[in-house]
Amino acid sequence: MNLVSIRIITERLEELVKFYEQITGFSAIRYTPDFAELKTPTTTLAIGSTKTLQFFGGDEVAKPAQNSSVIIEFRVDDVENDYTRLADYLENKIVQLPAIMPWGNKSFLFRDPDGNLVNFFTPVTKEAMTKFNGQNQN
């Protein structure tokens, strides 16, 4: 089994698509006016408007801008460079400046326009680098 994608449901599709394009440098693929995907080498971030909920049973299936338990994480080459590149753009959306976590990643945490938490991280300890280089597959 493989995790293929994470989908964000939003009432502000255009704003979220532009935001994720800006922070990642990837261009989103627009399949319909209500659905886009941002493909990375390892997974896909899908962004769907609330109109797409009709295909899953209606508006009660998911509520936009109400996430308080999921963090969307991107491994980046140098979290400090990304912080410098994005600090002005993110302004008051920054939750945590780059800091080393107990598990060995340097993390930079901020919110997208819907309030979802986003983490850019870089493994910095030997253990974390080994884990993410596929040498520790436990």
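Small disclaimer: the values here were computed from a predicted structure and weren't measured. (Residues numbered from 1 in each chain as written. Predicted model: local features only at pLDDT ≥ 70, side-chain atom pairs only at ≥ 80, totals over all residues. Heavy atoms only, no water.)

Student: Quick question: what am I supposed to make of the overall build of the protein here?
Tutor: On a plain count of helices and strands, the protein comes out with three helices and eight strands. Its C-alpha atoms give the protein a radius of gyration of 16 Å, near enough to 14 Å, the size a compact globule of 138 residues would have. Taken across its 138 residues, the protein has 40% of its residues classed as buried. The long-range fraction of contacts in the protein, counting pairs at least 24 apart against all pairs at least 6 apart in sequence, stands at 50%. (Helix = DSSP H or I, 4+ residues; strand = E, 2+ residues; numbered from the N terminus. Rg over C-alpha atoms; globule rule 2.2 N^0.38 Å. Buried < 20%, exposed > 50% of the residue type's maximum accessible area, 1.4 Å probe, protein only. Contact = heavy atoms within 4.5 Å.)

Student: What exactly am I supposed to notice about a nonpolar patch on the surface here?
Tutor: A cluster of nonpolar side chains, contributed by Phe55, Phe56 and Val61, occupies part of the molecular surface with about 370 Å² of accessible area. Position of Val61 relative to the elements: it lies in the loop between β4 (44–49) and β5 (71–75). We classify Val61 as partly exposed; its relative accessible area is 48%. (Patch = residues over 30% accessible without salt bridge, like charges linked within 9 Å, V, L, I, M, F, W, Y side chains within 5 Å. Areas by Shrake-Rupley, 256 points an atom, 1.4 Å probe, with all protein chains shown as cover. Salt bridge = Lys/Arg side-chain N within 4 Å of Asp/Glu carboxyl O.)

Student: Even after reading the chapter, I still don't get helix α1 (residues 13–24), so can you show me in this structure?
Tutor: Count 3.6 residues to each turn of an α-helix, and residues three or four apart come out pointing the same way. The first and last C-alpha atoms of α1 sit 16 Å apart over twelve residues, in line with the 16 Å expected at 1.5 Å per residue. Buried within α1 we find Leu13, Leu16, Val17, Phe19, Tyr20, Ile23 and Thr24. Here the buried residues of α1 occupy an arc of 160 degrees about the axis, which is enough to place them on one side. Phi for Gly25, located one or two positions after α1, is positive at around 80 degrees. (Expected span 1.5 Å × (residues − 1). Arc of directions from axis to C-beta.)

Student: Please explain the pairing of strand β7 (residues 105–111) as it appears in this structure.
Tutor: Within a regular strand, side chains alternate between the sheet's two faces. Counting buried residues in β7 gives six out of seven residues, a clear majority hidden from the surface. Relative to β7, strand β6 (residues 94–100) is paired through four bridges, and the arrangement is antiparallel. Bridging across to β7, Ile94 finds its partner in Phe110. In sequence, β6 turns back onto β7 through a hairpin of four residues, with Gly104 there showing a positive phi of about 100 degrees. Of the pairings in the sheet, the one linking β7 to strand β8 (residues 117–123) comprises seven bridges and is antiparallel in character. Bridge pairing in β8 places Lys106 opposite Thr122. (Pairing = 2+ DSSP bridges.)

Student: Please explain the pairing of strand β3 (residues 35–39) as it appears in this structure.
Tutor: Among the five residues that make up β3, four are buried, leaving the element largely enclosed by the rest of the structure. Direction of pairing for strand β2 (residues 29–32) relative to β3: antiparallel, over a ladder of three bridges. Residue Arg30 lies in a different strand from β3, and its bridge partner there is Ala36. Joining the antiparallel neighbours β2 and β3 is a turn of two residues. Relative to β4, β3 runs antiparallel, the two sharing five bridges. Bridge pairing links Leu38 to Leu45 in β4. Between β3 and β4, which pair antiparallel in sequence order, lie four residues.

Student: Looking at this structure, how should I read the pattern of salt bridges?
Tutor: Side chains that differ in sign of charge can pair as their charged atoms come close. By the definition in use, this model includes six salt bridges. As a salt-bridge pair, Glu14 and Arg30 come within 2.9 Å of each other at their nearest N and O atoms. With a gap of 16 residues between them, Glu14 in helix α1 and Arg30 in strand β2 connect regions that are remote in the sequence. A relative accessible area of 41% means that Glu14 is categorised as partly exposed. The exposure class assigned to Arg30 is partly exposed, which follows from its relative accessible area of 35%.

Any link to function would need more than the numbers given here.
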